[in-house]
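Chain residues, written in single-letter form:
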Amino acid sequence: MRRSTPLALLLLVSLLLFAACQPAGIPEAPTPDQIPAGEQPARPPATDTTHAPATQEELTATPWQWTALTETAPANQSVVPDPQNYTLTFADDNTVAIQADCNQVAGSYTLDGESLTIQLGAATMAFCGEGSMDQLYLSLLGRVSGALVTETGDLQLVLGDAAGQMQFTPFSALGIGPNDISLDTQGLPYSWQPVLVPETPYDASMPPGPTGLPEHIEILFGVTDPADRQPSDPIMYIIPVNAYRAQWDAAGDPSVSRTLDRIEQYAFTMPSPAPTSGMPALPSSEIAGYNDLAVQISRAVPASELNLLSATQTGYRFVGRWAQDANPVTNQGLRYVYQGFTNDGQYLVSFWYPVTTDAAPADVSQIPQEDWDAFNADPMGVISTTADALNALPPADWEPDLETLDALVASLEIKGVPASGLQDVVWLWTNGPEQPGSDSIVAIPNPEAYQVIYNSDGMIRFTADCNNGGMTYELSQGGMAGGMLAQPGPVTLAECGPDSYDQGFINALLAAQTYRVRAGGNTMELVLPAGGGWLIMVDQRAYVTVPPPPEPTATQPPAATVIPVPPTNTPLPPTATPEPTAPPEPIIQFSANPTTIDAGQCTTLAWNVENVQAVWVYPQGAAYEDYPVTGNGVQVHCLDTTTTYEIRVALIDGTTQTQQVTVTVIPGNPLANTSWALSSFEPGRVPLPNTTITLAFDNAGTVSGNSGCNTYSGAYTVDGTTLTVGPLISTQMACEQDVMDQEQIYLASLQGAASFDLPGGQLVIFDAGGQEILRYNGG
């Protein structure tokens with residue numbers, strides 16, 4: 001009678017196989033029962049015993065995340081601390097994509113009735129940190145012998161030899177769920193409820209403007225269903241940044257990307273002097289009109305304090321309103337607005353809460369006539385004076401106290417979001433100075449050879465070409481942008497060759513004292529002191545995409561960027577000489593990061609090409625022969641104009657393939673801080689006598705002027721020579737009929753602007769058909 005092999009012995013063998021591939025000095029991952037008690041829930045979830053064999057339709061219906069492990073000998077059940085880091089995605093073609101913490105694995109599966117086996121294929125082999133369970137996870141998947149679906153829709157993968165089960169639940173691409181959220185409402189009179197909200201597609205068909213949100217979380221106050229929320233009710237949004245950008249960019253609408261860039265800019269560096277209008281905010285569903293008032297601009301979480309709990313330490317708050325027409329400031333429509341990001345940069349946090357103050361009337365019915373007369377005479381001036389008065393108020397003069405709302409924002413905690421965006425990510429060095437302080441900026445040809453992870457336990461682990469080692473560090477400030485101080489530790493001292501940057505990398509890691517993670521979480525800037533420059537680092541998960549594994553042959557070694565994971569439930573292939581096989585499929589990966597930059601900023605091109613004859617990377621339209629490259633590399637390009645780059649690949653069979661990536665450059669704004677006087681409109685027509693029509697552009701996206709009778713203001717955007725204006729708001733004074741008619745024509749024409757030119761000190765505005773509609777002289 002065959003005896004069952006103990007599970008502990010099987011896991012030990014599997015882990016020893018992985019240890020052979022592990023970099024020197026990096027310890028193995030713990031099993032779930034080795035995780036400190038404080039990091040596990042007090043009680044694992046109950047197992048649903050009502051289940052049936054899984055069908056392929058059920059396996060492929062959703063991605064799955066690993067939540068628990070049940071073992072039979074000895075009997076034990078353990079909870080997985082970060083289930084979103086351990087996922088399975090089954091495809092209809094019998095392939096499976098596996099995320100094992102910071103590593104990605106391509107494999108295949110066979111389903112036959114109750115039997116399921118998983119064959120592990122090509123995988124990355126990054127070090128994911130001391131507490132990672134990536135090795136154990138892959139070892140267990142190699143032991144799977146069956147699959148069951150429970151009555152509640154969860155998945156159980158049965159381990160061979162009746163050794164136990166792995167429990168999985170459906171996984172949301174959002175990466176976090178309502179149960180991961182905690183919040184302290186600071187005694188405000190609302191209950192709160194986090195809700196997972198499905199994607200609403202981009203839609204530009206309904207006024208007042210386009211809408212659309214990816215799958216996200218809404219924290220509701222006082223209600224439990226988004227359909228029951230009223231527009232004036234408080235709400236907090238947690239929106240995935242990259243999915244939000246992608247949704248609107250795919251629709252050809254760059255407004256969300258531009259607004260996210262402005263929010264990021266203000267989150268990193270508070271504007272000085274603080275504007276009193278035009279503050280960027282999302283989502284668009286909370287905005288109707290133009291932000292004509294913004295006061296009390298500040299940080300909700302002080303940047304000078306080290307907060308190890310708050311999930312959103314990088315952002316700003318203000319009190320503001322949005323209006324379609326110019327009106328005196330009252331308490332109607334005033335809201336506390338917070339715009340920021342989670343510490344890892346992956347999510348936009350947007351909080352809206354109605355506020356009031358005794359310094360403003362409750363509504364327009366309480367405004368005295370003399371105040372109306374003053375407003376009609378100079379609406380922008382009155383709003384500006386009101387903004388100054390509201391800015392002078394202490395936080396306690398608002399209801400609720402603004403510092404109470406700041407504390408609510410700071411209390412947001414999200415499971416899995418670190419105190420610092422620096423932490424718990426495998427960063428790859430893509431470009432930076434050769435040595436701290438060096439003027440020589442290099443593009444690292446093999447970023448995978450220069451890796452670092454800042455563990456949340458205060459340890460730094462790094463690989464620097466042929467060397468590896470560790471340091472300790474201490475955070476001085478968290479969030480997306482913060483500070484830390486590293487202390488030297490043990491490191492190997494091998495000679496890596498004359499072309500290695502290992503010593504520069506190690507020196508930079510020790511010298512760096514500040515960091516900045518960009519919105520989306522895929523890029524980090526590690527800043528060196530005293531003008532020493534910075535290192536550009538890319539999240540390993542964003543930089544490497546694991547291709548499907550090629551058909552195995554004995555003559556073809558694995559590609560340099562992937563390592564085959566030894567299966568634990570299949571025999572080794574025979575060593576006899578195989579039959580000839582077809583050439584391996586080419587692998588072509590080509591990307592730019594970021595794809596939208598301001599004029600003069602830089603982007604990094606990256607490519608990974610295998611199983612081909614030759615490669616070229618060049619600006620589209622250039623002679624490609626002049627731009628040969630190796631199969632794996634990066635380039636840094638600083639651009640003033642939108643540029644499309646192309647990769648050209650000569651395949652083994654003699655054919656060629658090309659791919660393109662476009663880097664959009666947002667040019668400088670030649671209209672900023674300029675003023676103009678109208679000289680003609682509707683070509684050949686000049687303004688009426690005794691009327692002056694003016695136009696002024698500030699540098700914060702606001703346009704204003706006098707339209708002959710009333711004053712007006714609103715938003716504008718410039719992209720190259722493209723110009724959009726509006727919506728405009730205007731005072732409501734009455735003038736002679738011919739002046740009013742001229743004013744209506746002028747304002748309609750201005751809001752129909754599509755492009756502009758600046759010939760000989762004049763400003764000429766054209767409509768969408770290219771016809772001149774307005775001409776101004778310099779003011």
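Here's a quick rundown of the structure.

### Observations concerning the packing of aromatic side chains
Following the criterion strictly, the structure yields 27 aromatic pairs and no others. Between W322 and W352 the ring centres are 5.5 Å apart and the planes differ by 50°, which places this aromatic pair in the tilted class. Taken together, the residues W322 in strand β18 (residues 314–323) and W352 in strand β20 (residues 347–354) connect sequence positions 30 residues apart. Here the aromatic cluster, defined as three or more aromatic residues joined through ring pairs, consists of Y190, F221, Y336, F351 and Y353. Of note, R648 hangs over the ring of Y624, and the distance from its end group to the ring centre comes to 4.1 Å.

### Considering the sheet that holds strand β35 (residues 596–598)
Backbone-to-backbone hydrogen bonds pair the strands of a sheet. The strands run either parallel or antiparallel. Pairing in this open sheet of five strands is mixed, and the strands run β35-β41-β40-β37-β38 from one edge to the other. The open sheet has two edge strands with one neighbour each: β35 and β38 (628–629).

### Side note on the packing of helix α6 (residues 369–377) against helix α7 (residues 379–391)
As a packed pair, α6 and α7 sit with axes 5 Å apart at the nearest point and diverge in direction by 115°. Residues A374, F375, N376 and A377 of α6 lie in contact with α7, whose contacting residues are P379, V382 and I383. For the contact of α6 with α7, the per-class residue count stands at six nonpolar, one polar and no charged.

### Let's talk about unusual backbone geometry
Note that the residue after E399, namely P400, is joined by a cis bond; omega there is 0°. The peptide bond linking G726 to P727 adopts the cis configuration, its omega dihedral lying at 0°. Inspection of the secondary structure assignment puts P727 in strand β46 (residues 722–730). Backbone geometry at D101 places phi at a positive 60°, although glycine is not the residue there. Within the secondary structure layout, D101 lies in the loop between β5 (95–100) and β6 (103–112). With a phi close to 60°, Q186 is a non-glycine residue in the positive phi region. Take Q186: it is sitting in the loop between β11 (181–182) and β12 (192–197). A relative accessible area of 31% means that Q186 is categorised as partly exposed.

### Description of the nonpolar core
Counting 39 residues, the largest nonpolar core has I219, I238, Y336, F351, W398 and L412 as the members making the most contacts within it. Of all the elements in the fold, those that place two or more residues in this core are β15 (216–221), β16 (235–240), β17 (290–298), β19 (335–341), β20, α7 and α8 (402–410). Excluding its chain neighbours within four sequence positions, the residues that come into contact with Y336 are A300, R317, F318, F351, W352, Y353, V355, L402, L405, D406 and V409. By size, the runner-up hydrophobic cluster in this structure holds 33 residues, among which are L116, L136, Y137 and V144.

### Considerations on the state of the cysteines
When the sulfur atoms of two cysteines share a covalent bond, that bond is a disulfide. One pass over the structure, following the stated rule, counts three disulfides. Note that C102 is cross-linked by a disulfide to C128, the S-S spacing being 1.9 Å. Between C102 and C128, the disulfide has an S-S torsion of -90° and is therefore left-handed. One end of the pair, C102, is in the loop between β5 and β6; the other, C128, is in the loop between β7 (115–123) and α3 (134–141), with 26 residues separating them in the sequence. Taken individually, C102 and C128 each receive the classification buried, so the pair is uniform in this respect.

About the cut-offs
Residues numbered from 1 in each chain as written. Predicted model: local features only at pLDDT ≥ 70, side-chain atom pairs only at ≥ 80, totals over all residues. Heavy atoms only, no water. Phe/Tyr/Trp six-rings, centres within 6.5 Å; stacked < 30°, edge-to-face > 60°. Helix = DSSP H or I, 4+ residues; strand = E, 2+ residues; numbered from the N terminus. Lys NZ or Arg CZ within 6 Å of the ring centre and 35° of its normal. Pairing = 2+ DSSP bridges. Axes fitted to C-alpha atoms, helices over the stretch in contact; angles between N-to-C directions. Contact = heavy atoms within 4.5 Å. Nonpolar A, V, L, I, M, F, W, Y, C, P; charged D, E, K, R; others polar. Buried < 20%, exposed > 50% of the residue type's maximum accessible area, 1.4 Å probe, protein only. Core = buried A, V, L, I, M, F, W, Y, C linked by side-chain atoms within 4.5 Å. Disulfide = S-S within 2.5 Å.

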